[in-house]
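The residues making up each chain are set out below.
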Amino acid sequence: MSEPFSVRVTVRGYETDVQGHLNQAVYLNYAEHARWSLLQAAGITQSGLIARGVGPVALETTIRYRRELLAGDEADVSCAFLWSGGKIFTIEQTITKDDGTVAAELTGVGGLMDLKQRKLLPDPGAVFRELAKDPALFGL
């Protein structure tokens, strides 16, 4: 199995809280950034999704904070899609500091919504395969 897709982020001072570590909500922003970066790397754009009449939706997110991130820290945010069939998929993400220390682990459950019917599509993987220039980035 290949390495999961990953992007580098640098913690900015304004993203930290009064204790000096990364604010809890920003972990979600970093994870979202990695997911959209993966879509872009695979050749899927937001406008392409809208033109197809679909949009990704988050159904559940769990964050396990392992080590603090401080202003100026650099970290890699990985993103791996797991497919079990049906309407939903799982996304596993890890935020890893420069020294290899895991700062956080995120697990999300998502789907693709038909934007007109407002219902989940029965096979989101098929749509990703159809739209992506590189479906292997999604593990497809």
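Residues numbered from 1 in each chain as written. Predicted model: local features only at pLDDT ≥ 70, side-chain atom pairs only at ≥ 80, totals over all residues. Heavy atoms only, no water.

Chemist: Quick question: what am I supposed to make of the overall build of the protein here?
Modeler: Within the protein one finds three helices and six strands. Seen in sequence order, the protein has helices and strands lined up from the N terminus as β-α-α-β-β-β-β-β-α. Counting only residues that meet the buried cut, the protein has 34% of its 140 residues in that class. Within the protein, counting contacts between residues at least 6 apart in sequence, those at least 24 apart form 64% of the total. Accessible surface for the protein amounts to roughly 8000 Å². Of this, 50% is attributable to carbon and sulfur atoms. (Helix = DSSP H or I, 4+ residues; strand = E, 2+ residues; numbered from the N terminus. Buried < 20%, exposed > 50% of the residue type's maximum accessible area, 1.4 Å probe, protein only. Contact = heavy atoms within 4.5 Å. Areas by Shrake-Rupley, 256 points an atom, 1.4 Å probe, with all protein chains shown as cover.)

Chemist: Can you help me understand the nonpolar core in this one?
Modeler: Side chains of nonpolar character tend, in soluble globular proteins, to be buried together. Formed by 33 residues in total, the largest nonpolar core has its most connected members in Tyr30, Leu69, Phe81, Ile95, Phe128 and Phe138. Secondary-structure elements contributing two or more residues to this core are β1 (5–10), α1 (24–41), β3 (74–83), β4 (88–97), β5 (102–114) and α3 (124–131). Residue contributions to this core peak at seven residues, all from α1. (Core = buried A, V, L, I, M, F, W, Y, C linked by side-chain atoms within 4.5 Å.)

Chemist: Looking at this model, I keep getting lost on the environment of Gly139. Mind explaining?
Modeler: With respect to the helices, strands and loops of the structure, Gly139 is situated in the segment after α3. With 125 residues separating them along the chain, Gly139 and Tyr14 place their C-alpha atoms 35 Å apart.

Chemist: Honestly, the side chain of Glu15 in this entry has me stumped. Any pointers?
Modeler: With respect to the secondary-structure elements, Glu15 resides in the loop between β1 and α1. Engagement of the side chain of Glu15 in a polar contact is seen with the side chain of Arg12, the distance being 2.5 Å. Among the polar contacts made by the side chain of Glu15, one reaches the side chain of Tyr30 at a distance of 2.5 Å. Beyond its immediate sequence surroundings of up to four residues, Glu15 is in contact with Thr10, His21, Leu22, Asn23, Val26 and Tyr30. (Polar contact = N/O pair within 3.5 Å; in protein donor to acceptor, adjacent residues only side chain to side chain.)

Chemist: Quick question: what am I supposed to make of the pattern of salt bridges here?
Modeler: A pair can form between side chains of opposite charge whenever their charged atoms are brought close. Taken as a whole and assessed by the stated rule, the structure comprises seven salt bridges. Note that Asp98 is salt-bridged to Arg8, the shortest N-O span being 3.0 Å. Here Arg8 lies in strand β1 and Asp98 lies in the loop between β4 and β5, a separation of 90 residues in the sequence. Where Arg52 meets Glu130, a salt bridge forms, and the shortest distance between an N and an O atom there is 3.0 Å. Of this pair, Arg52 sits in helix α2 (residues 46–52) while Glu130 sits in helix α3, and the two are 78 residues apart along the sequence. Taken together, the shared-partner salt bridges in this structure form one network comprising Arg8, Glu74, Asp76 and Asp98. (Salt bridge = Lys/Arg side-chain N within 4 Å of Asp/Glu carboxyl O.)

Chemist: What is the right way to look at the environment of Lys119 in this model?
Modeler: Summarising the element assignment, Lys119 is placed in strand β6 (residues 119–120). Under the relative-accessibility criterion, Lys119 is labelled exposed at 55%. Remark: the alpha-carbon pair of Lys119 and Val54, spanning 65 residues in sequence, is separated by 9.7 Å. Not counting chain neighbours up to four residues away, the residues in contact with Lys119 comprise Leu112, Met113 and Asp114.

Chemist: Would you explain the packing of aromatic side chains in this entry?
Modeler: For any two aromatic rings, the description comes down to two numbers: the centre-to-centre distance and the angle of the planes. Taken as a whole, this structure holds nine aromatic pairs when the rule is applied. Summarising the aromatic geometry, the rings of Trp83 and Phe89 are spaced 5.1 Å apart at their centres and angled 50° between planes, so their arrangement reads as tilted. Exposure remark for Trp83: the relative accessible area of 27% places this residue in the partly exposed category. Judged by its relative accessible area of 3%, Phe89 is buried. (Phe/Tyr/Trp six-rings, centres within 6.5 Å; stacked < 30°, edge-to-face > 60°.)

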